[in-house]
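Residue-level structure breakdown
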Amino acid sequence: MNTHFKTFHPYVSPFDPCPPILEKAYSTPPNLYMGFQPPNLEQFTPLEALRAGTLWKAFYDPWFSPLEPGKGGLPQ
Amino acid sequence: MKQVPAEYYQLMEQLQAVDFVLVELTLYLDTHNDDLEAINQFNHYAKERKRLKKAFESQFGPLLQFGNSYSSYPWNWDDTPWPWQV
């Protein structure tokens, strides 16, 4: 399944000294699902690419922590 | 004190954008060396980069040293602003 984030639920010890984080997230960027890059993918303009961090739209991953609001990248 | 005009940042951003496209296309072409369209695009942006470099350097001085950029008279390599001052 192609999503930018997946989550898992770690075991929580009854002796955990800190408030437990019940759901943890990890990043699964689009390149994981691509295999070998096909030619002629749709592209960003150069100025957009500079902010997106990739030239190809299929690889764009707005990377930010799920615990914090996104900063930078392309305007939503 | 000398102020950097807005055009400096516009030209610099265009140059950075074109440089980034060239980096991406270089990495792509390393694994797709028979993609003619991408090679044409690469050459197009290589030319565009030369144009932008010339436009930038004619106004704001050399970007590179050791023969990769021309100098005007007097020697202007050490003129401010330096990269970490803009």
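A quick note: this is a predicted structure, and the numbers were derived from the prediction, not measured.

Cut-offs used in this document
Residues numbered from 1 in each chain as written. Chains lettered and ligands numbered in written order. Predicted model: local features only at pLDDT ≥ 70, side-chain atom pairs only at ≥ 80, totals over all residues. Helix = DSSP H or I, 4+ residues; strand = E, 2+ residues; numbered from the N terminus. Buried ≥ 20, exposed ≤ 12 C-beta atoms within 10 Å, placed from the backbone. Contact = placed C-beta atoms within 7 Å. Rg over C-alpha atoms; globule rule 2.2 N^0.38 Å. Nonpolar A, V, L, I, M, F, W, Y, C, P; charged D, E, K, R; others polar. Core = buried A, V, L, I, M, F, W, Y, C linked by C-beta atoms within 7 Å. pLDDT = per-residue confidence, 0-100.

**Observations regarding the overall build of chain A**
Looking only at helices and strands, chain A has one helix and two strands in total. Reading chain A from its N terminus to its C terminus gives the helix and strand order β-β-α. The buried share of chain A, reckoned over its 76 residues, is 5%. Here the contacts in chain A between residues at least 6 apart in sequence split such that 29% fall between residues at least 24 apart.

**Some details on the overall build of chain B**
A tally of regular secondary structure across chain B gives two helices and zero strands. The C-alpha radius of gyration computed for chain B amounts to 16 Å, which surpasses the reference 12 Å derived for 86 residues by more than 25%, pointing to a less compact arrangement than a globule. Expressed along its principal axes, the backbone C-alpha trace of chain B runs to roughly 50 × 25 × 20 Å. Across the 86 residues in chain B, those meeting the buried criterion constitute 9%.

**As for the interface of chain B and chain A**
The partner chain A presents nine residues to the ten residues of chain B that form the contact. Top contributing element to the side of chain B that touches chain A by residue count: helix α1 (residues 6-31) of chain B, with seven residues. When grouped by side-chain class, the residues that make up the side of chain B that touches chain A number five nonpolar, two polar and three charged.

**Notes on the nonpolar core**
Membership of the largest hydrophobic core is limited to ten residues, which are F44, A49 and L55 of chain A together with A17, V18, F20, V21, L25, Y45 and L52 of chain B. Those elements that provide at least two residues to this core are α1 and α2 (36-60) of chain B. The element that contributes the greatest number of residues to this core is α1 of chain B, accounting for five residues. Excluding anything up to four places from it in sequence, L52 of chain B contacts L11, Q14, L15 and V18 of chain B.

**A closer look at the confidence of the model for chain B**
In the predicted model, chain B carries a mean pLDDT of 92, and the fraction of residues at 70 or more is 99%. Complex prediction metrics read pTM 0.82 and ipTM 0.75.

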